[in-house]
Amino acid sequence: MMDLGRLRALHAVAVHGSVGGAAAALGFTPSAVSQQIAKLERETRTVLLEKQGRGVVLTDAARELATTAQAVLGLVEQAEVRLEEQRGQAVGRLLVAAFPSGARGLMPGALAELRRRCPELDVRLLESDPYPAAELVARGEVDLALVQDWPAVPLPVQEGLARLDLGTDPVDLLLPDGDDLAALDAVPVARLRGQRWISVPPGNICHDWLVRTLREAGEEPDVRYQVGEFETQIALVAAGLGMGLVPRLGRGPLPAGVVARPVASQPSRRVFALWRAQASRRPAITEALAAMRECWSRLPGKPAGSGVSWRSR
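Small disclaimer: the values here were computed from a predicted structure and weren't measured. (Residues numbered from 1 in each chain as written. Predicted model: local features only at pLDDT ≥ 70, side-chain atom pairs only at ≥ 80, totals over all residues. Heavy atoms only, no water.)

Peer 1: Pulling in residues and values, what's your account of the packing of aromatic side chains?
Peer 2: Within the structure shown, the criterion is met by one aromatic pair. Centroid distance Trp-150 to Trp-209: 3.9 Å. Interplanar angle 10°. Geometry classified as stacked. One end of the pair, Trp-150, is in the loop between β5 (144–149) and β6 (161–176); the other, Trp-209, is in helix α8 (residues 205–216), and 59 residues separate them in sequence. The residues Trp-150 and Trp-209 share a single accessibility class, namely buried. The aromatic ring of Phe-272 is capped on one face by Arg-163, whose charged end is 3.6 Å from the ring centroid. (Phe/Tyr/Trp six-rings, centres within 6.5 Å; stacked < 30°, edge-to-face > 60°. Helix = DSSP H or I, 4+ residues; strand = E, 2+ residues; numbered from the N terminus. Buried < 20%, exposed > 50% of the residue type's maximum accessible area, 1.4 Å probe, protein only. Lys NZ or Arg CZ within 6 Å of the ring centre and 35° of its normal.)

As structure tokens, then:
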């Protein structure tokens, strides 16, 4: 009989495309994942991974087995949910994905509250941008995801996922304090044309929103610097290299030489949680959502409104 943990390791490699990616998602070392795959190869007497350059690829047999593993893991999840419901306690493992500034600005408090509420729950955190995080939830690789999107750039939500809206996160224009726009109380969108921009790289939902916003203002944006972390963006602004539109969640005190000004259109992103609808009654999910909602309500300057909505795509 094939070991469930080894099937989970193979499925994670298939989903993430590498042993390293699977290890990060599962909370193991790459060596541990490789050992699991090697044991599964011996169990099945089948070659599952082949070397390709510096990495590995799945064989045809491995892809077929990974598809079966996904179905098996889905059945196991359903059984675990039913058992948790019967016990009424949040136990087992809960893997949560969160976008970077949400992982910094909301999740420390939410995870601490969840540990206080459910000391027997094994909670793991994986930092992930919204696009892949939503896919990971849909595929069953993570249990819950904190994500964000923009009214003009909505995040695709697959059928079978449930959603809890936490609120909106305002965005400010960050610029050097010597810039002419720093003297304004609110910056009109038209004044954003002709600027040098600092932004996250393409493929990130925040980059997509910036490009779309400036195109609607009549300009193809001049993104000079593409960096993943907002802290690095702020450091580049402090050096006088450009300006950026940076949300408030997870943003620390601004360094000397950088000022924040609201944009007249008051842009904001929407922050919400996603999970598989079939797990909605799982105590670990309900407790985690309650902790996230409570911590969100305590954040300064955040709207208090939130609610659960179901969405099928």
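Text resumes after the structure shown.
Peer 1: Explain the packing of helix α1 (residues 4–16) against helix α2 (residues 19–26) to me, and be specific about the residues and the numbers.
Peer 2: At a minimum axis separation of 8 Å, α1 and α2 run at an interaxial angle of 115°. Where α1 crosses over α2, the two elements pack in a sense that is right-handed. Between α1 and α2, the contacting residues are Arg-8, Ala-9, Ala-12, Val-13 and His-16 on the first element and Val-19, Gly-21, Ala-22, Ala-25 and Leu-26 on the second. Tallied by class, residues from the contact of α1 with α2 come to seven nonpolar, two polar and one charged. (Axes fitted to C-alpha atoms, helices over the stretch in contact; angles between N-to-C directions. Left-handed = near helix turned anticlockwise from the far one by under 90°. Contact = heavy atoms within 4.5 Å. Nonpolar A, V, L, I, M, F, W, Y, C, P; charged D, E, K, R; others polar.)

Peer 1: Quick rundown of the layout of surface pockets? Include the residues and the values.
Peer 2: Volume-wise, the second largest pocket comes out at about 250 Å³. Along the walls of the second largest pocket sit 18 residues, with Pro-100, Ser-101, Asp-129, Asn-204 and Gly-228 positioned nearest its centre. Secondary structure elements with two or more residues in the lining of the second largest pocket: α5 (100–105) and α9 (230–238). Residue classes in the lining of the second largest pocket are distributed as seven nonpolar, five polar and six charged. (1 Å grid on protein atoms, 1.4 Å probe; cavity = no way out; pocket = protein on both sides within 12 Å on 5 of 7 lines; lining within 4 Å. Points joined across faces, edges and corners; volume = space filled by probe spheres on them.)

Peer 1: Can you lay out the pairing of strand β3 (residues 93–98) for me, pointing to particular residues and giving the numbers?
Peer 2: Within a regular beta strand, the side chains point alternately toward one face of the sheet and then the other, so they alternate between its two faces. In terms of residue burial, β3 counts as a mostly covered element, since five of its six residues are buried. Where β3 lies against strand β4 (residues 122–127), six bridges are found, and the strand directions are parallel. Note that in β4 the partner of Ala-97 across the bridge is Leu-126. Note that β3 and β5 share three bridges and pair parallel. Of the residues in β5, the one forming a bridge with Ala-97 is Ala-145. (Pairing = 2+ DSSP bridges.)

Peer 1: Any chance you could break down helix α7 (residues 130–139) for me, citing the residues and the numbers?
Peer 2: Within an α-helix, residues lying three or four positions from one another point in the same direction, as the helix has 3.6 residues per turn. Those residues of α7 that fall on the buried side of the exposure criterion are Pro-130, Ala-133, Ala-134, Leu-136 and Val-137. Angular distribution of buried residues about the axis of α7 spans 160°; they occupy a single face of the element. Of the residues one or two after α7, Gly-140 is the one with positive phi, at around 85°. (Arc of directions from axis to C-beta.)

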